[in-house]
Amino acid sequence: MEYTDTDLGPRKTSAKNLAKKLIKDSKIKEAPVSLRIVIECLQTTHDLRVIAHGFSDHVSGLLMRCKQLDEEYFVIGFNENQPWCRRRFTIAHEIGHLLFGHTCNQSDDKDHNEKEADIFAAELLIPKEFLKKDFKITPKIPDLAKKYLVSQQAMGIKITTDRLI
Ligand SMILES: [Zn+2]
């Protein structure tokens, strides 16, 4: 789950582009990114349910692909015991898995898939386009983290990887 920016090459770009497209499709123009609106947008194309669950501490969330008769639907579960900014990152990360079509069976690709979902989540919650503007006004990690409803750690990493400093 930890966000690292090791070089994923073209996949990194596509993870970011996919997040950008979702922000655009959701018509979100500023921080904080509303996951409710993002999810409603996704629900126009996917049968998706998002539920809070009391997982044990080491589980942040999961994506389930379910079949009921001939209908497919998805469930994102997130750990309701974790702080809100963490829950937001988890939901965004699982949306990444959903859109990339990652499945649990691709174990050989697991690390790659996790990084891809993390890069997607970071761009979804902290779109570079928004951050560039806000960073000029308030170049302070705690203030920006509050505005974007993300952890200070996630914000710090995003500022660095987007090369704003
Ligand atoms: Zn994951």
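Right above here is the structure, for reference.
Figured I'd write up the structure that's included with this text.

The rules behind these values
- Within each chain, residue numbers correspond to sequence positions counted from 1 in written order.
- Side-chain atom pairs in this predicted model are given and counted only at pLDDT of 80 or more, local residue features only at pLDDT of at least 70, and totals for whole chains, interfaces and linings cover all residues.
- Side-chain measures here rest on the full set of heavy atoms in the structure, leaving out hydrogens and waters.
- Only centres within 6.5 Å qualify two rings of Phe, Tyr or Trp (six-membered ring in Trp) as a pair; their planes then separate them into stacked at under 30 degrees, edge-to-face at over 60, and tilted for everything else.
- Secondary structure follows DSSP: runs of H or I at least 4 residues long count as helices, runs of E at least 2 residues long count as strands, and numbering of each begins at the N terminus.
- In this scheme, a residue with accessible area under 20% of its type's maximum is buried, one over 50% is exposed, and one in between is partly exposed, where area comes from a 1.4 Å probe on protein chains only.
- Placement of a charge over a ring requires the Lys NZ or Arg CZ to be within 6 Å of the ring centre, with the centre-to-atom vector within 35 degrees of the ring normal.
- Remark: nonpolar core denotes a set of buried residues (Ala, Val, Leu, Ile, Met, Phe, Trp, Tyr, Cys) joined through side-chain atoms within 4.5 Å.
- Contact between two residues is taken to exist if any of their heavy atoms lie within 4.5 Å; hydrogens are not considered.
- The term polar contact refers here to a pair of N or O atoms within 3.5 Å; inside protein, the definition further demands a hydrogen-donor-capable atom paired with an acceptor-capable atom, and it admits residues adjacent in sequence only when both atoms are side-chain atoms.
- Here, a salt bridge means any Lys or Arg side-chain nitrogen found within 4 Å of an Asp or Glu carboxyl oxygen.

**A closer look at the packing of aromatic side chains**
Part 1 of the argument: Here the structure, examined in full by the defined rule, presents 1 aromatic pair.
Part 2 of the argument: Pairing F100 with F120 gives two aromatic rings, centres 6.3 Å apart and planes at 80°, and the pair type is edge-to-face. Highlighted residues: F100 in helix 3 (residues 84-100) and F120 in helix 4 (residues 110-125), separated in sequence by 20 residues.
Part 3 of the argument: The buried category is assigned to F120, whose relative accessible area is 0%.
Part 4 of the argument: In this structure, R49 packs its charged tip against the face of Y73, placed 3.9 Å from the ring centre.

**Brief notes about the nonpolar core**
Part 1 of the argument: Ranked by size, the top nonpolar core spans 39 residues in total, and within it L22, V38, I95, L124, Y148, V150 and M155 carry the most contacts.
Part 2 of the argument: Counting residues per element, the ones that place at least two in this core are helix 1 (10-25), helix 2 (35-42), strand 3 (71-79), helix 3, helix 4, helix 5 (128-137), helix 6 (141-148) and helix 7 (152-161).
Part 3 of the argument: The element best represented in this core is helix 4, accounting for 6 residues.
Part 4 of the argument: Residues in contact with L124, not counting those within four places in the same chain, are A19, L22, I23, V33, L35, V38 and A92.

**Things to note about the environment of Q82**
Part 1 of the argument: With respect to the helices and strands, Q82 occurs in the loop between strand 3 and helix 3.
Part 2 of the argument: Between the C-alpha atoms of Q82 and D57, which are 25 residues apart in sequence, the distance is 7.9 Å.
Part 3 of the argument: Once you skip the residues sitting within four places of it in the chain, Q82 turns out to touch D57, V59, S60, R87 and T90.
Part 4 of the argument: Separated by 3.4 Å, the side chain of Q82 and the backbone oxygen of D57 make a polar contact.

**Description of the pattern of salt bridges**
Part 1 of the argument: Tallying each qualifying case throughout the model produces 6 salt bridges.
Part 2 of the argument: In this structure, the salt-bridge partner of R36 is E40, at a minimum N-O distance of 3.0 Å. One end of the pair is R36 and the other is E40, both in helix 2 and 4 residues apart, which spans about a single turn.
Part 3 of the argument: Since its relative accessible area comes to 53%, R36 is described here as exposed.
Part 4 of the argument: Using a relative accessible area of 42% as the deciding quantity, one classes E40 as partly exposed.
Part 5 of the argument: Among the ionic pairs, K110 bridges to E114, the shortest N-O distance being 3.0 Å. One end of the pair is K110 and the other is E114, both in helix 4 and 4 residues apart, which spans about a single turn.
Part 6 of the argument: Bridged by salt links that share partners, the residues E123, K158 and D162 form one connected network.

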